[in-house]
Structure formats: C-alpha cells, structure tokens
Amino acid sequence: MIDGTVVDTRPTKIMYVAEATAHGGRDGYVTSQDGQLELKVAMPPALGGDGNGTNPEQLFAAGYSACFHNALVLVGRRAGYDLSGSTVAAKVGIGPNKQRGYGLAVALSVSLPVVDQDLATKLVDAAHEVCPYSNATRGNIEVTILLG
C-alpha cells in the first residue's frame with residue numbers, strides 16, 4: 001500500500017520458475033528440480049530438534065537477503081551508484097500467532113559503507129519496493145530494515 005492505495009505487485013510475465021520438493025517436512029530433506037539443491041532439513045534446537053540440518057527459516061533468510069541485496073544493487077546502479085562492499089543480512093524469526101498457527105518476522109540488516117545515511121535510506125526504501133520478497137511479504141510479515 002502506497003499513500004493509502006493498494007499497489008498490485010503481481011508479475012505481468014513469469015520469467016523463471018523455481019521448483020523444490022520437501023521430503024519428510026522439517027525432519028527430512030529438500031531438493032530442487034534442477035539438482036542444484038539437496039539439503040538435509042532438521043528442526044532447530046530452539047524448536048525441540050537436533051539442529052542437524054538446515055531449516056525453512058534459514059532458507060527463507062538466505063533467499064530474502066540475496067534477493068534484497070540484488071534489488072539494492074539494481075536501484076543503486078539505476079541511480080548511478082556503485083554499491084560494492086554492501087551487504088544484506090536477514091534474520092527470520094518464527095513463533096505462534098493469535099490464530100493457533102505460526103507466523104514469521106524478518107529483520108534485514110543493510111550495510112552501505114560507500115554512501116551517506118540519507119542516500120542509504122532512499123536506496124533501501126527503493127529496494128524494498130523493487131524486491132520480490134518484500135512485495136510478497138508486505139502486509140503479511142513484519143519486516144524491519146536496519147541500516148548499519
């Protein structure tokens with residue numbers, strides 16, 4: 001929603017489709033259709049598991065941080081800035097919600113050492129509008145962006 005207006009962020013054309021399959025849920029493994037991904041999945045110790053594998057929250061954090069960083073570099077390039085040395089780290093939290101299910105919360109930590117704070121804020125705001133993960137989560141997941 002921008003200025004009280006609902007913004008349609010659905011793609012107008014699908015350019016790529018990723019496929020992955022879970023086997024055994026949170027205590028199994030995940031694979032991608034192209035064979036690039038084959039990971040053991042395990043519940044983290046904080047949720048009662050042994051932590052002997054990755055988990056969906058780590059995978060989401062990896063995907064969101066990579067996607068947001070790419071959006072940041074893109075908007076920087078469009079504005080004439082080289083954002084070499086920048087980074088984006090994502091923390092994804094999971095916990096119970098009020099509907100007897102579970103919800104996620106995301107914190108993105110953005111480091112833009114080559115630009116001042118005002119410009120960094122503008123670039124991050126623009127990236128948040130461009131990033132597909134940000135568009136998919138907007139209004140559904142609390143996303144906090146920290147500039148450091």
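You'll find the structure just up there.
Everything numeric in this text was worked out from a predicted model, so none of it was measured. Starting afresh in each chain, residues are numbered from 1 along the sequence in its written order. Reporting in this predicted model follows two pLDDT cut-offs: at least 70 for local features of residues, and 80 or more for side-chain atom pairs to be given and counted; totals over whole chains, interfaces and linings ignore these cut-offs and use all residues. As a rule here, side-chain values cover all heavy atoms of the structure and leave hydrogens and water aside.

## Comments concerning the environment of V88
By the criteria applied, helices consist of DSSP H or I runs no shorter than four residues and strands consist of E runs no shorter than two, each listed in order from the N terminus. Relative to the helices and strands, V88 is located in strand 4 (residues 87-96). When a residue's accessible area, from a 1.4 Å probe over protein chains only, is under 20% of the maximum for its type it is buried; when over 50% it is exposed; and in between it is partly exposed. We classify V88 as buried; its relative accessible area is 13%. Spatially, the C-alpha atom of V88 lies 24 Å from that of R10, the residues being 78 residues apart in sequence. What V88 contacts, discounting residues up to four positions off in sequence, is S65, F68, H69, L72, L108, S109 and V110. In this analysis, two residues are considered to be in contact whenever any of their non-hydrogen atoms come within 4.5 Å of each other.

## Comments concerning the pattern of salt bridges
We define a salt bridge as a side-chain nitrogen of Lys or Arg found within 4 Å of a carboxyl oxygen belonging to Asp or Glu. As enumerated under the stated definition, the model contains three salt bridges in all. The shortest N-O distance in the salt bridge between E129 and R138 comes to 3.8 Å. Classification of E129 by relative accessible area gives partly exposed; the value is 40%.

## Points about the packing of aromatic side chains
The aromatic pairing rule takes the rings of Phe, Tyr and Trp, using the six-membered ring of Trp, and pairs them if the centres are within 6.5 Å, calling planes under 30 degrees apart stacked, those over 60 edge-to-face and the rest tilted. Tallied over the entire structure, the rule returns four aromatic pairs. Ring geometry for F60 against Y64: centres 6.0 Å apart, planes inclined by 85 degrees, an arrangement best described as edge-to-face. Here F60 pairs with Y64, and both are found in helix 1 (residues 56-78), just four residues apart, close to one helical turn. Accessibility expressed as a relative area gives 0% for Y64, which makes it buried. Site record: aromatic cluster; members linked through ring pairs are F60, Y64, F68 and Y133.

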